[in-house]
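# Breakdown of the fold
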Amino acid sequence: MVTDKPAPKFLNLLQIRLPPGGVTSIAHRVSGVFLFFTIPFAAWLFDLSLRDTGGYRQVLDWLHTPLLRLVAALLVWSLAHHLLAGLRHLLLDVGIGVERLPARRSAQLVNFAALGFAALYLAALA
Amino acid sequence: MTRAAQGLRAWLLQRFTALYLAAFLVYAVARLLLTPPAGYDQWLAWMGQPLTGVALTLFVAALALHAWVGIRDVLIDYVHAVWLRLSLMAVVALLLLGSGLWVTRALLLAAMRAAQVGA
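Residues numbered from 1 in each chain as written. Chains lettered and ligands numbered in written order. Predicted model: local features only at pLDDT ≥ 70, side-chain atom pairs only at ≥ 80, totals over all residues. Heavy atoms only, no water.

Once that is clear, we can look at the confidence of the model for chain B. Considering every residue of chain B, the mean pLDDT works out to 94; 98% of them sit at 70 or more. The ipTM for the predicted assembly is 0.93, set against a pTM of 0.90. (pLDDT = per-residue confidence, 0-100.)

This is the structure in structure tokens:
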């Protein structure tokens, strides 16, 4: 392809405008990395919760602190986004929704639905 | 195995593990929300069931493989110094293996405790 101008290169993060699919893609990555970091803590809490009554109570008490509720909200968003974006990926793999407009719509759906799940979680706490 | 076949294997592994992780997660979250355990005894009884133990151990294995493929892709994309990339991959492998064995051990102990309580 011959073009007159070189492709624009925005190194300023505030100038970059990603299309919905781009947001879905990078958020799939970010949520995956976040989920990875929660694995050792989840394993530890799981073990503690099964040790005895005291351990079980301790874990529940911790989960009810403001800090862990914030982490949990982030976890809900990450799980929802990662799962939905992953399902969208699987559907694209088998040729469903590959056209430009449906792909754009499904990306928007994933992005908003994941935020919706996190909002639902926060609303359930209130 | 050729490099292309290795890539295909990782690609397939990521998708098969994703299906199990998604199905298990939806089931587990739904059950936790619909019938939350009333206390330690119910929680132990649930986690001590043989079927729960097998399903969760499979979940742990699938999660470790899925996270390994995903994090390796991220490291390959962003960490270009080979010594650093390999060191980080070793740390990731240790974390995943350690966490997986830890949860498996907790499940086995839970099954034993649940059996004692039941007896």
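Residue and element names in this part refer to chain A. At a minimum axis separation of 9 Å, helix α3 (residues 66-93) and helix α4 (residues 100-125) run at an interaxial angle of 155°. Considered as vectors, α3 and α4 are oriented roughly antiparallel to each other. Every pair of crossing elements has a handedness; the one defined by α3 and α4 is right-handed. (Axes fitted to C-alpha atoms, helices over the stretch in contact; angles between N-to-C directions. Helix = DSSP H or I, 4+ residues; strand = E, 2+ residues; numbered from the N terminus. Parallel < 35°, antiparallel > 145°, perpendicular 65-115°, else oblique. Left-handed = near helix turned anticlockwise from the far one by under 90°.)

Let us look at the interface of chain A and chain B. On the chain B side, the residues contacting the 22 residues of chain A number 32 residues. The contact between chain A and chain B buries some 2300 Å² in all, and 75% of this surface belongs to carbon and sulfur atoms. The interface formed by chain A and chain B holds two salt bridges in total. We note a salt bridge from Arg 29 of chain A to Asp 77 of chain B, for which the minimum N-O separation is 2.8 Å. Counting every contact that joins chain A to chain B gives eight residue pairs in polar contact (both at pLDDT 80 or more). Counting residues per element, the ones that place at least two in the side of chain A that touches chain B are α1 (20-51), α2 (53-63) and α3 of chain A. (Contact = heavy atoms within 4.5 Å. Buried area = accessible area lost by both parts, 1.4 Å probe. Salt bridge = Lys/Arg side-chain N within 4 Å of Asp/Glu carboxyl O. Polar contact = N/O pair within 3.5 Å; in protein donor to acceptor, adjacent residues only side chain to side chain.)

Once that is clear, we can look at the pattern of salt bridges. All names here are of chain A. Under the criterion given, the structure shown has three salt bridges over all chains. In this structure, Asp 47 and Arg 51 form a salt bridge, with 2.9 Å as the shortest nitrogen-oxygen distance. Within this pair, Asp 47 and its partner Arg 51 are both found in helix α1, separated by four residues, close to a single helical turn. On the basis of relative accessible area, Arg 51 is assigned to the partly exposed category, the value being 38%. (Buried < 20%, exposed > 50% of the residue type's maximum accessible area, 1.4 Å probe, protein only.)

Let us look at the layout of surface pockets. All names here are of chain B. Here the second largest pocket defines a volume of roughly 340 Å³. In this structure, the second largest pocket is lined by Arg 3, Gln 6, Gly 7, Arg 9, Ala 10, Leu 13, Leu 65, Trp 68, Val 69, Arg 72 and Ile 76. Secondary structure elements with two or more residues in the lining of the second largest pocket: α1 (3-34) and α3 (50-78). It is α1 that provides the largest number of residues to the lining of the second largest pocket, a total of six residues. Considered class by class, the residues forming the lining of the second largest pocket number six nonpolar, two polar and three charged. (1 Å grid on protein atoms, 1.4 Å probe; cavity = no way out; pocket = protein on both sides within 12 Å on 5 of 7 lines; lining within 4 Å. Points joined across faces, edges and corners; volume = space filled by probe spheres on them. Nonpolar A, V, L, I, M, F, W, Y, C, P; charged D, E, K, R; others polar.)

All right, on to the packing of aromatic side chains then. For the structure on display, the rule yields seven aromatic pairs over all chains. Measuring from centroid to centroid gives 5.6 Å for Trp 44 of chain A and Trp 62 of chain A, while their planes differ by 40°, and the two rings are tilted. Taken as a pair, Trp 44 of chain A in helix α1 and Trp 62 of chain A in helix α2 lie far apart in primary sequence, 18 residues in all. Assessed through its relative accessible area of 35%, Trp 44 of chain A is described here as partly exposed. The exposure class of Trp 62 of chain A is partly exposed, given its relative accessible area of 30%. Look at Tyr 56 of chain A and Tyr 40 of chain B: their rings are 6.1 Å apart centre to centre, the planes differ by 65°, and that puts the pair in the edge-to-face class. With Tyr 56 of chain A in helix α2 and Tyr 40 of chain B in helix α2 (residues 40-48), the pair connects residues from two separate chains. The residues Tyr 56 of chain A and Tyr 40 of chain B share a single accessibility class, namely buried. Here the aromatic cluster, defined as three or more aromatic residues joined through ring pairs, consists of Phe 46 of chain A together with Trp 43 and Trp 46 of chain B. (Phe/Tyr/Trp six-rings, centres within 6.5 Å; stacked < 30°, edge-to-face > 60°.)

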